[in-house]
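If you want the building blocks of each chain, they are given just below.
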Amino acid sequence: MTASLKKSGPADTPPPGPEPEAIKAIPVRHYGRWVAAVVVLALLGLLVNAFATAKINYHAIPDFMFDSNVLTGLGKTVLISVLAMALGLVLGVVLAVMRLSKNPVTSAVSWVYIWFFRGTPVYVQLLLWFNLALIFPYINLGPIYRDEMSDFMTPFMAALLGLGLNEAAYMSEIVRSGIQSVDEGQTEAAHALGMSQGRTLRRIVLPQAMRVIVPPTGNEFINMLKTSSLAAAACQYLELLRSTSDIGQSTGATVEMLFLAATWYLILTSIFSIGQFYLERHYARGSLRSLPLTPWQKIKANLTSFSNRQSGGVRA
């Protein structure tokens, strides 16, 4: 028997089925976020209610906001912070270079300095500087300078030395980590071109290390603004906290003046935080493919994203 093959034609093709429905994307519901938001808002409400019903004269804060004594203390706070930070930065660079030196004497001296000033509280160091006249009646630097220690070690000088020398110990470690972050091949290439050690450090190493040094240095300066308040109690330096505390004792608004001091500290740290952000952004140009958005750019991007979401919805 011969089997015949039957050719399939168009009539044998199965009829087309119904078209598939469009995929509808359903956002995932995060119930935990809603619960967390409600709890946080409830806690914030309790906190606001506590301060709203407390016996605090909030009108005293704006009344003394721009008082001459407060502004004088504010200026002294900024002055001592800037000068102490400058002293700490310069001495910190020197200590970092000494620590990385192959000379065992300079390396050991740098290590001992860092060990001592990082191992003792800055408040104790401020007290030691301010009371140094009790053990050294005179300061004698030979033909350069000679005077009574009580005249030399003023509250300003004690605060400057106490804060600046303490900061130098921390800045030396920051600078050392920044220097070590630069590839050693950069130094070897500079030496192969005939550059000296000092010129290599200034022209090659430190500019590349700034990307690592700047962020923690900015944090250290912001911390210095707040740490300077210790000089009021330890050295009797008339900075912001001391000025507001004196007003609080004379007017009876002790807590209100502490709130005023906290307000000014928040303003100062906010201003310098903005400067720190743009400084970090400047030194990140050579290491990042795209620079971080500025605060204004973030606001514009969030507004654009929100408007697009409201107009277009969620699409598959």
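This one's a predicted model, so the numbers in the text were calculated from it and none came from an experiment. (Residues numbered from 1 in each chain as written. Predicted model: local features only at pLDDT ≥ 70, side-chain atom pairs only at ≥ 80, totals over all residues. Heavy atoms only, no water.)

K.L.:
It is not clear to me how the nonpolar core should be interpreted in this structure. Could you clarify?
P.N.:
Note on soluble globular proteins: their nonpolar side chains tend to be buried together. With 25 residues, the main nonpolar core has Val70, Val175, Leu240, Leu260 and Trp264 as its most contacted residues. Going through the elements one at a time, helix H2 (60-63), helix H3 (68-100), helix H7 (155-181), helix H9 (197-227), helix H11 (240-251) and helix H12 (254-283) are the ones with two or more residues in this core. Considering each element in turn, this core owes the most residues, six residues, to H12. Apart from the residues within four sequence positions on either side, Leu260 is in contact with Ile61, Phe64, Met65, Val70 and Thr244. Counting residues in each nonpolar core, the second largest holds 24 residues, with Phe117, Ala158, Leu161 and Cys235 among its members. (Core = buried A, V, L, I, M, F, W, Y, C linked by side-chain atoms within 4.5 Å. Buried < 20%, exposed > 50% of the residue type's maximum accessible area, 1.4 Å probe, protein only. Helix = DSSP H or I, 4+ residues; strand = E, 2+ residues; numbered from the N terminus. Contact = heavy atoms within 4.5 Å.)

K.L.:
Even after reading the chapter, I still don't get the packing of aromatic side chains, so can you show me in this structure?
P.N.:
Aromatic ring pairs: the centre-centre distance and the angle between the two ring planes describe each pair. What the rule picks out here adds up to nine aromatic pairs. Both rings, one in Phe221 and one in Phe272, keep their centres 4.8 Å apart while their planes meet at 75°; by these two values the pair is edge-to-face. Here Phe221, found in helix H9, pairs with Phe272, found in helix H12; they are 51 residues apart in sequence, far enough to count as distant. In this structure Phe272 comes out as partly exposed when scored by relative accessible area, which is 29%. Through a chain of ring-to-ring contacts, three or more aromatic side chains come together here, namely Tyr113, Phe116 and Phe117. Looking at Arg146, its charged tip hangs above the ring of Tyr138, at a distance of 5.1 Å from the centre. (Phe/Tyr/Trp six-rings, centres within 6.5 Å; stacked < 30°, edge-to-face > 60°. Lys NZ or Arg CZ within 6 Å of the ring centre and 35° of its normal.)

K.L.:
When you look at the UniProt feature "transmembrane region" (unreviewed entry) in the protein in this model, what are you seeing that I'm missing?
P.N.:
This chain's UniProt record puts "transmembrane region" (unreviewed entry) on residues 34-58, 78-100, 112-139 and 258-279. Annotation note: span residues 112-139, helix share 61%, strand share 7%, distance between end C-alpha atoms 24 Å. (UniProt positions renumbered as here; feature names shortened; annotations may be inferred.)

K.L.:
Please clarify how the side chain of Ser243 should be interpreted in this entry.
P.N.:
Secondary-structure assignment places Ser243 in helix H11. Owing to a relative accessible area of 10%, Ser243 belongs among the buried residues under this scheme.

K.L.:
So what exactly am I meant to see when it comes to the packing of H3 against helix H4 (residues 104-119) here?
P.N.:
Between two packed helices, both the angle of their axes relative to each other and the distance between the axes serve to describe the pair. Where H3 meets H4, the closest approach of the two axes is 7 Å, and the angle between their N-to-C directions is 130°. As summarised for this structure, H3 and H4 are arranged oblique, according to the angle between their axes. Remark: the crossing between H3 and H4 carries left-handed chirality. Residues Leu91, Leu95, Met98 and Arg99 of H3 pack against Thr106, Ser107, Val109, Ser110, Trp111, Tyr113 and Ile114 of H4. Looking at the contact of H3 with H4 residue by residue, the class counts come to seven nonpolar, three polar and one charged. (Axes fitted to C-alpha atoms, helices over the stretch in contact; angles between N-to-C directions. Parallel < 35°, antiparallel > 145°, perpendicular 65-115°, else oblique. Left-handed = near helix turned anticlockwise from the far one by under 90°. Nonpolar A, V, L, I, M, F, W, Y, C, P; charged D, E, K, R; others polar.)

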